[in-house]
Amino acid sequence: MAVVVITGASAGVGRAAARAFAGRRWNVGLLARGRDGLDAATKEVEAAGGRALPVSVDIADERAVDRAADQVERELGPIDVWVNNAMTSVFAPFPEIQPEEFDRVVRVTFLGYVNGTRAALHRMVPRDRGVIIQVGSALAYRSIPLQSAYCSAKHAIKGFTQSLRCELLHDGSGVTVSMVQLPALNTPQFDWVLSRLPNRAQPVPPIYQPEVAARAIVRAAGRPRRETWVGGSTVLTMLANKVVPGLLDRYLARTGYRSQQTDEPEDAARPSNLWEPVSGDHDARGRFDRQAHPRSVQQWAAEHRAWILAALAATAAAGLRRARR
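As a starting point, this report considers the structure included with it. (Residues numbered from 1 in each chain as written. Predicted model: local features only at pLDDT ≥ 70, side-chain atom pairs only at ≥ 80, totals over all residues. Heavy atoms only, no water.)

**Overview of a nonpolar patch on the surface**
Worth spelling out the cut-off: Within this analysis, patches are made of residues with over 30% relative accessible area and no salt bridge. Like charges are joined at 9 Å or less; nonpolar side chains (Val, Leu, Ile, Met, Phe, Trp, Tyr) at 5 Å or less. The Shrake-Rupley method, run with a 1.4 Å probe, gives the accessible areas here. Residue values count only the displayed protein chains as cover. When a carboxyl oxygen of Asp or Glu lies within 4 Å of a side-chain nitrogen of Lys or Arg, that pair is called a salt bridge. In this scheme, a residue with accessible area under 20% of its type's maximum is buried, one over 50% is exposed, and one in between is partly exposed, where area comes from a 1.4 Å probe on protein chains only.
Taken together, the side chains of Val243, Val244 and Leu247 make up a nonpolar region of the molecular surface, amounting to roughly 270 Å² of accessible area. With relative accessibility at 64%, the residue Val243 sits in the exposed group.

The structure is reproduced here in structure tokens:
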């Protein structure tokens, strides 16, 4: 059976991806800090037919990540796919984010990917095979207000991955690196990241279920592409940033604060996961089920583009034949 390692596997996108891989009978190394979520994810993977190895680890600790990779290979076998996904954030205007908080977000959300990538490469390169998937975001291309640390980390991941990809190509390596850029998702992060906003944080609509992201990640593992864009909003955001970035600056200045908050006041005393995991099992989905889309038309089209292009070509050919007659 193939082996995948997923960081941030105890909840959100990582949890949904663990289920999706297990449903295809993969063995899954589950890396995260929260013990409750890891235990629940382990039961789900095993119930779906895969073997699970939960490892409690802070992804910002490079040596701990390397030890976790060793443990996975000892107990599950050689790692075929490594999915970097772990994240944390702070919702606040930049001047309200303390230096140590900004540093912590970057260490987890960016350097955690560096640590995971290094651990994967040390094992994959000698075998000349393997896939590394960087779970990214539309925010890797277009930053938004109130998330300066998180957006910085996502931009850094993109730059790091592009450099690494060139090096692997130069070496003729059989290891591939793929980025999956995600839209706003219904995950529990909005109830555990540190927030100094007056109202409860929310993803900027349109919102998709984490299973949409999980399907894209599994597909990237089997058929890695340089980059996959998930969701029509991701595509539109990237295109708008390329064509009218200044206009987008002004638009986000007007709408970005309101669109990231609900009408409910935030509880300033609630725990956050910036320094320690929040206790309990938080599952894959957050509190936005009613607004969240279970599928992405754009992603479906991307997955079936060969059929779509063939159908369009056949339609065009038929129209040309009719015109000639």
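**Comments concerning the nonpolar core**
For clarity, the cut-off: In this text, buried Ala, Val, Leu, Ile, Met, Phe, Trp, Tyr and Cys residues form a nonpolar core when linked through side-chain atoms within 4.5 Å.
Core analysis: the biggest nonpolar cluster contains 43 residues, and Ile6, Phe21, Leu30, Val83 and Ile133 have the highest contact counts within it. Within the second largest apolar cluster, 26 residues are counted, among which are Val5, Val65, Leu76 and Ala119.

**Concerning the sheet that holds strand E7 (residues 175-182)**
We count it as follows: Strands qualify as paired when DSSP identifies two bridges or more between them. A run of DSSP states H or I qualifies as a helix once it reaches four residues; a run of E qualifies as a strand once it reaches two. Both are numbered from the N-terminal end. For helices, the fitted line uses only the C-alpha atoms of the stretch in contact; every axis is such a line through C-alpha atoms, and the angle between N-to-C directions lies from 0 to 180 degrees. In this description, contact between two residues means that some pair of their heavy atoms is separated by no more than 4.5 Å.
Strand order in the open sheet made by the 7 strands is E3-E2-E1-E4-E6-E7-E12, with parallel pairing throughout. The outermost strands of the open sheet, each flanked by one partner alone, are strand E3 (52-56) and strand E12 (227-229). Shown here is a sheet whose adjacent strand axes are inclined to one another by a mean of 15°, direction ignored. Here strand E2 (residues 27-32) pairs with E3 via 5 bridges, running parallel. Bridge pairing links Leu31 to Val55 in E3. Along the sheet, helix H7 (residues 210-222) contacts strand E4 (81-84), strand E6 (130-137) and E7; its crossing angle with E6, the most-contacted strand, is approximately 150°.

These results come straight from atomic positions and should not be treated as a statement about function.
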